[in-house]
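Listed below are the residues making up each chain.
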Amino acid sequence: MVKIALLASGRGSNAEAIIKHFENHTNVEIQVFSDIADAPVLALAGGLSIKAEYLPFDETYSYFSQNRFDLYVLAGYMRILPDEVLDLGTFVNIHPSLLPAFKGKDAIKQAYDYGVKVTGVSVHYVTKDLDGGPIIAQVPVNIQQWMNFAELEEEIHNTEHTLYPMVIESLLYDKIVDFAPGKPKCSTDGCGGCGGSCAH
Ligand code: GRF
């Protein structure tokens, strides 16, 4: 059994996409945790028959040090996790911009207001640098001249909902290059692009 901890603070649209994606994967077990007691994501996950609980931020380390997961997935989790928590396993996050541009809060708005013509979505490993960990996957989104902010937001979220489950599945089944520092890995079906540094 592969265990995923999904950490979220808000509405949980990414959590929903991930839960639905893995619905028929009988070997994948997802649990949802929120640092906000009444976050909509908890009710949403409960409604999809997924174990969901409030985990106060200051109890994160003690909980996860006693309850380990194969992958920790941040989906709109609005806290900065300390090193002692990050050292417990592999943490990934999704960010609504093409990193390293527009880190931090309101990234979609930052890009829109700046006037860039291309923004997008990034999935990256979580390190102590906010939105600064190694990038795993990115998808660009064009900001068309006719687009208003709401339309851009919708396109970014739709892109997230497609990309994130796919990347998580790829990481779980080792389908793509793992860019985690110090551990180059390639697809078992052949070289995934490491340039010859892996042991495939
Ligand atoms: C997403 O845009 C994600 O990229 C960012 O926070 C937002 C969470 O949205 N990190 P939701 O709670 O998954 O709907």
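Further up the page is the structure itself.
The rules behind each value
Residues numbered from 1 in each chain as written. Predicted model: local features only at pLDDT ≥ 70, side-chain atom pairs only at ≥ 80, totals over all residues. Heavy atoms only, no water. Phe/Tyr/Trp six-rings, centres within 6.5 Å; stacked < 30°, edge-to-face > 60°. Buried < 20%, exposed > 50% of the residue type's maximum accessible area, 1.4 Å probe, protein only. Lys NZ or Arg CZ within 6 Å of the ring centre and 35° of its normal. Near = heavy atom within 4 Å. Polar contact = N/O pair within 3.5 Å; in protein donor to acceptor, adjacent residues only side chain to side chain. Areas by Shrake-Rupley, 256 points an atom, 1.4 Å probe, with all protein chains shown as cover. 1 Å grid on protein atoms, 1.4 Å probe; cavity = no way out; pocket = protein on both sides within 12 Å on 5 of 7 lines; lining within 4 Å. Sits in = over half its atoms within 2 Å of the grid points. Helix = DSSP H or I, 4+ residues; strand = E, 2+ residues; numbered from the N terminus. Nonpolar A, V, L, I, M, F, W, Y, C, P; charged D, E, K, R; others polar. Domains from an automatic or database assignment.

Participant: Requested: an account of the packing of aromatic side chains, with residues and values cited.
Facilitator: Scanning the entire structure with this criterion turns up ten aromatic pairs. Measuring from ring centre to ring centre gives 5.8 Å for Phe64 and Phe69, while their planes differ by 85°; the resulting arrangement is edge-to-face. You can call Phe69 buried: its relative accessible area is 8%. Between Phe69 and Tyr72 the ring centres are 5.9 Å apart and the planes differ by 70°, which places this aromatic pair in the edge-to-face class. Neither Phe69 nor Tyr72 differs from the other in exposure class; each is buried. Ring pairing ties together the aromatic residues Phe33, Tyr63, Phe64, Phe69, Tyr72 and Phe91, which thus form one cluster. Note that Lys3 overlies the ring of Phe69, its terminal NZ or CZ placed 4.8 Å from the centroid. Seen from the ring of Phe149, Lys109 lies directly overhead, with NZ or CZ sitting 5.8 Å from the centre.

Participant: Account for the site of the ligand, naming residues and giving values.
Facilitator: Taken together, the residues surrounding the ligand are Arg11, Gly12, Ser13, Asn14, Gly76, Ile94, His95, Pro96, His157 and Glu160. In this structure, an oxygen atom belonging to the ligand sits 2.5 Å away from a side-chain N or O atom of Ser13. A distance of 2.3 Å separates an oxygen atom of the ligand from a polar side-chain atom of Glu160. Protein chains bury 86% of the 370 Å² of accessible surface belonging to the ligand in isolation. The site holding the ligand turns out to be the largest pocket. Contributions of two or more residues to the shell around the ligand are made by helix H1 (13–21), strand E5 (91–95) and helix H6 (149–172). In the shell around the ligand, the residues fall into two nonpolar, six polar and two charged. Both of domain 1 (1–89) and domain 2 (94–200) provide at least three residues apiece to the shell around the ligand.

Geometric values such as these leave the question of function open.
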